[in-house]
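# Architecture at a glance
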Amino acid sequence: MKNTLLSTAIVIVAVAISACSRPGESGLRDSFAQQLAANRFIKDFQRTGDDLTFSGPGSEGGTAAWRVHIDSAVVEPSDDAARPYKGTVKSSWYVNEQLVQAEGPDSNLPIELIANGLSQDCWAFWVAATKRWNWE
């Protein structure tokens, strides 16, 4: 009986520890916003919940007003011990309040805005060693 209780306690602690070490969707959303804010081609970045606004390169040149809405963020296990989780973010991008539609693999966003790994449907891997999302 003692061994069964001890084994059960060990399993519960192991499950609790692994659940705490799994990155969450809110952290993935935060990382996406930070990655966007770090883009050197944008200015006046603001975040209000899942809405991100900034000024940046327009689709046809010049500067435009942009709004990005994070539609969903999902974290799933991967088979790589060094990168044990894959995070996928789906978002809607608006330039001057007009939705920019992706066409197949093409985001139809200015190259400057996708240069750091973001687009309407993008992913990052959780790097176990640094405990951070990698968007490259």
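As a starting point, this report considers the structure included with it. Because the structure is a prediction, the values reported are computed rather than measured.

## Here we look at helix 2 (residues 25–37)
Along its 13 residues, helix 2 runs 18 Å from first to last C-alpha, staying within 8% of the 18 Å computed at 1.5 Å per residue. Listed as buried for helix 2 are Leu 28, Arg 29, Ser 31, Phe 32, Ala 33 and Leu 36. At its buried positions, helix 2 is contacted by strand 1 (43–48), strand 2 (51–57), strand 3 (63–77), strand 4 (85–95), strand 6 (121–127) and strand 7 (132–134).

## What about the side chain of Ser 92?
Summarising the element assignment, Ser 92 is placed in strand 4. On the basis of relative accessibility, which here comes to 16%, the residue Ser 92 falls in the buried class. Excluding residues that lie within four positions of it along the chain, Ser 92 makes contacts with Arg 67, Val 68, His 69, Asp 71 and Leu 99.

## Concerning the environment of Val 100
Looking at the secondary structure, you find Val 100 in the loop between strand 5 (98–99) and helix 3 (111–114). Since its relative accessible area comes to 11%, Val 100 is described here as buried. In this structure the C-alpha to C-alpha distance between Val 100 and Gln 120, which are 20 residues apart in sequence, comes to 8.9 Å. Leave out the neighbours within four places in its chain, and Val 100 touches Trp 66, Trp 93, Val 95, Ser 107, Asn 108, Leu 109 and Gln 120.

Definitions and limits used
Residues numbered from 1 in each chain as written. Predicted model: local features only at pLDDT ≥ 70, side-chain atom pairs only at ≥ 80, totals over all residues. Heavy atoms only, no water. Helix = DSSP H or I, 4+ residues; strand = E, 2+ residues; numbered from the N terminus. Expected span 1.5 Å × (residues − 1). Buried < 20%, exposed > 50% of the residue type's maximum accessible area, 1.4 Å probe, protein only. Contact = heavy atoms within 4.5 Å.

From the geometry alone we can't say anything about function, so treat these as descriptive.
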